[in-house]
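# What the coordinates show
Next come the chains, spelled out residue by residue.
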2 protein chains.
Amino acid sequence: MRVSLRTLRGIPDVQPGDDLAGLILEAAGDAPPNGTQVLAIAHTVVSKAEGAIAPLAGVRPGKRALALAAEQGKDPRVVQVVLDESTEVLRAQNGVIITRTRQGLVCANAGVDASNAPRADSVVVLPRDPDASARSLRARVGELTAARATVRARAPSPARVAHPPAILITDTFGRAWRHGQTDVAIGLAGLAPLDDWRGRRDASGTRLHATWLAIADAAAAAADLARAKDSREPVVVIDGLRRFITVEDGPGAAALIRPLDEDLFR
Amino acid sequence: MRVSLRTLRGIPDVQPGDDLAGLILEAAGDAPPNGTQVLAIAHTVVSKAEGAIAPLAGVRPGKRALALAAEQGKDPRVVQVVLDESTEVLRAQNGVIITRTRQGLVCANAGVDASNAPRADSVVVLPRDPDASARSLRARVGELTAARATVRARAPSPARVAHPPAILITDTFGRAWRHGQTDVAIGLAGLAPLDDWRGRRDASGTRLHATWLAIADAAAAAADLARAKDSREPVVVIDGLRRFITVEDGPGAAALIRPLDEDLFR
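What this report covers is the structure whose coordinates are included nearby. (Residues numbered from 1 in each chain as written. Chains lettered and ligands numbered in written order. Predicted model: local features only at pLDDT ≥ 70, side-chain atom pairs only at ≥ 80, totals over all residues. Heavy atoms only, no water.)

## Here's the deal with the overall build of chain A
The secondary structure content of chain A amounts to six helices and twelve strands. Computed over its C-alpha atoms, the radius of gyration of chain A comes to 20 Å, within 12% of the 18 Å expected for a compact globule of 266 residues. The principal-axis extent of the C-alpha atoms belonging to chain A is close to 60 × 50 × 30 Å. Within chain A, contacts between residues separated by at least 24 positions form 63% of all contacts whose residues are at least 6 apart in sequence. Just so you have it, chain A exposes about 11000 Å², and 52% of that area is on carbon and sulfur atoms. Mean positive and mean negative side-chain charge positions of chain A (34 and 31 charges, respectively) differ by 3 Å. (Helix = DSSP H or I, 4+ residues; strand = E, 2+ residues; numbered from the N terminus. Rg over C-alpha atoms; globule rule 2.2 N^0.38 Å. Contact = heavy atoms within 4.5 Å. Areas by Shrake-Rupley, 256 points an atom, 1.4 Å probe, with all protein chains shown as cover. Lys, Arg positive; Asp, Glu negative; His and termini not counted. Charge placed at Lys NZ, Arg CZ, Asp CG, Glu CD.)

Below you can see the structure in the form of structure tokens.
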């Protein structure tokens, strides 16, 4: 099998209110993404388009934010935003605050990102409901692709599948026991989050007990390999995952979150 | 940029003592891997070639193994092997024993794998020193490629770089807060494990504080996407990562392990 990933060039700086699906299709030009492909999108551009940006000027840090900020050497206003975005602080040490976000994700600083903010005095936060963002982006890509096909007065190529590409919204997470970060799926529409082989048998007939592959996280990590971190390449087109792409939007990236009662490392 | 991954077909069932590099080159046929590529290899075939297989018949489980096995519903002999391979048990719950392995890796069951064992009454364990395994595989691939080029009485193509491909030995790990598993790097030669952007600036001139990308783990996760889990495809050829490939073997996958004193989740 073959999987390939390439960045989509020409996505401009995204502003609140922008039609991100439209910008993606414009950048794709004569090769619009189709239903056999996955579009991996860095959440920052989704957040920006949705206006998920917190201006720091109006933030008044509370007692806890002030204490945590002093302890970890951080801007108390940013820490207040982190707390606002979180349901629980798991650890705060070595300048890192690890929380469970309102979306249920466990990550550093609740995904609050100063480095990609449109203004110096603001931070980008996670999309409120990243699976809903993915579903709406997928629908919009489908709508615009269909409209374009009509304008060109030709039917969609029969080689293409009828549904839009899968949408995978990514963020960059650290790991508990490993250095460095990899991208994971935080929003998803049209891609199976997990491929469950538990109970199935491998090539030698042995039952595969624990094999439950996090397809969407692997695809997110893979997509980041195609990006140069210093260039604006938020969108990566992935080919070769057709077997995991579904007509329905499916359970989303929420299915990748281990529920609280199974968490052994709180 | 473009990254692509394809499985190498035709690797036979690997036996202890097999020349794995030779089997890989045979499978590659007329397209031998070159220094612009990464070979991602599932550790099971490395373990098998090295004889890192524990027959269960001779294992006499101790008290702790018997207790843990009863508690977690496991074969006490397998649990004894897990304990032998570990320096510390972090958690044992829901049928999963999470340990720190002798290699310093934190994972379920110390990487001990029954599903890929050559015989029903044995288990595959991790290579003793996976970075050393990667270095020796890389050297052997280089040696065999050079020998082949000589036999064919032609110089290596000038388009090819002089060093052998990078070797990435992978295993499948669960994650503390996420369902499912992704592949990570446990052994490495000739590929930068991490790409450090901390302190550098992004396209808008903002300093990137926390960006420290685990390239080798992302490549491992990506490689698994190209595999069909029920077929024997232990080797994946990755193109497009040339900028991370080094002439020297480098620090290996050991550099990806967070040291004990930085572990916030013991």
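Let us keep going from here.
## Concerning the relation of the copies chain B and chain A
Superposing chain B onto chain A takes a rotation of 180° plus a shift of 0.0 Å along the axis, which leaves an RMSD of 0.0 Å. In symmetry terms, the pair is related by a two-fold rotation axis. Taken together, the interface assignments show that 100% of the residues at the interface of chain B recur at the interface of chain A, consistent with an identical surface on both copies. (Least-squares fit on C-alpha atoms with pLDDT ≥ 70 in both.)

## Some details on the environment of Ala253(A)
Residues and elements named next belong to chain A. Examined against the element boundaries, Ala253 turns out to sit in the segment after β12 (235–239). Between the alpha carbons of Ala253 and Thr170 there is a distance of 9.8 Å; along the sequence they are 83 residues apart. Non-local contacts of Ala253, meaning those with residues more than four positions away in its chain, are made with Asp131, Ala185, Ile186, Gly187 and Leu188.

## What to know about the interface of chain B and chain A
Contacts between chain B and chain A engage 69 residues on the former and 69 residues on the latter. Taking both partners together, chain B and chain A bury about 6400 Å²; carbon and sulfur atoms supply 57% of that area. A per-residue breakdown of the area chain B buries against chain A is headed by Trp177(B), His179(B) and Leu225(B), which together make up 14% of the total. For the interface between chain B and chain A, the tally reads four salt bridges. Between Asp217(A) and Arg175(B) there is a salt bridge, and its shortest N-O distance comes to 2.6 Å. Applying the counting criterion to the chain B and chain A interface returns 37 residue pairs in polar contact (both at pLDDT 80 or more). Secondary-structure elements contributing two or more residues to the side of chain B that touches chain A are β1 (2–7), β4 (86–93), β8 (166–175), β9 (178–189), β11 (212–213) and α6 (215–225) of chain B. At eight residues, α6(B) tops the list of elements feeding residues into the side of chain B that touches chain A. A breakdown of the residues in the side of chain B that touches chain A according to their chemical character gives 36 nonpolar, 15 polar and 18 charged. (Buried area = accessible area lost by both parts, 1.4 Å probe. Salt bridge = Lys/Arg side-chain N within 4 Å of Asp/Glu carboxyl O. Polar contact = N/O pair within 3.5 Å; in protein donor to acceptor, adjacent residues only side chain to side chain. Nonpolar A, V, L, I, M, F, W, Y, C, P; charged D, E, K, R; others polar.)

## Digging into the packing of aromatic side chains
To describe a pair of aromatic rings, you give the distance between the ring centres and the angle between the ring planes. All names here are of chain B. The tally for this structure, following the rule as stated, stands at two aromatic pairs over all chains. Ring geometry for Trp177 versus Phe265: centroids 4.8 Å apart, planes at 75°, classification edge-to-face. Of this pair, Trp177 sits in the loop between β8 and β9 while Phe265 sits in the segment after β12 (235–239), and the two are 88 residues apart along the sequence. With respect to burial, Trp177 and Phe265 carry one shared label: buried. (Phe/Tyr/Trp six-rings, centres within 6.5 Å; stacked < 30°, edge-to-face > 60°. Buried < 20%, exposed > 50% of the residue type's maximum accessible area, 1.4 Å probe, protein only.)

## Structural notes on the packing of helix α3 (residues 63–72) of chain B against helix α4 (residues 76–84) of chain B
Residues and elements named next belong to chain B. Relative to each other, α3 and α4 sit at 120°, their axes nearing to 8 Å. As the angle between them shows, α3 and α4 are arranged oblique. Helix-helix and strand crossings are classified by hand; for α3 and α4 the assignment is right-handed. Residue-level contacts link Arg64, Ala65, Leu66, Leu68 and Ala69 of α3 to Pro76, Val79, Gln80 and Leu83 of α4. Of the residues assigned to the contact of α3 with α4, the class counts are seven nonpolar, one polar and one charged. (Axes fitted to C-alpha atoms, helices over the stretch in contact; angles between N-to-C directions. Parallel < 35°, antiparallel > 145°, perpendicular 65-115°, else oblique. Left-handed = near helix turned anticlockwise from the far one by under 90°.)

## Section: the environment of Ala27(B)
Residues and elements named next belong to chain B. Note on placement: Ala27 falls in helix α1 (residues 20–28). Ala27 gets classed as partly exposed once you look at its relative accessible area, which sits at 22%. It is 9.8 Å that separates the C-alpha atoms of Ala27 and Val235, two residues lying 208 residues apart in sequence.

## What about the sheet that holds strand β4 (residues 86–93) of chain A?
Residue and element names in this part refer to chain A. Strand order in this open sheet of three strands is β4-β5-β6, and the pairing throughout is antiparallel. Edge positions in the open sheet fall to β4 and β6 (106–108), since each of these has one partner strand only. Between one strand axis and the next, the sheet turns by 25° as a mean value, whatever way the strands run. Two strands pair when backbone bridges link them, and strand β5 (residues 96–101) and β6 are joined in this way by three bridges, in the antiparallel orientation. Its bridge partner lying in β6, Arg100 is registered against Val106. Set on the sheet, helix α3 (residues 63–72) makes contact with β4 and β5; between it and β4 the angle comes to about 25°. Of the strands in this sheet, β4 and β5 touch helix α4 (residues 76–84), which is tilted by about 130° from β4. (Pairing = 2+ DSSP bridges.)

## Some thoughts on the side chain of His43(B)
Structurally, the position occupied by His43(B) is in helix α2 (residues 43–50). If we ignore the near neighbours within four places in the chain, the residues touching His43(B) are Gly111(B), Val124(B), Val125(B), Leu126(B), Pro127(B), Ile169(B), Thr170(B), Asp171(B) and Ile186(B).

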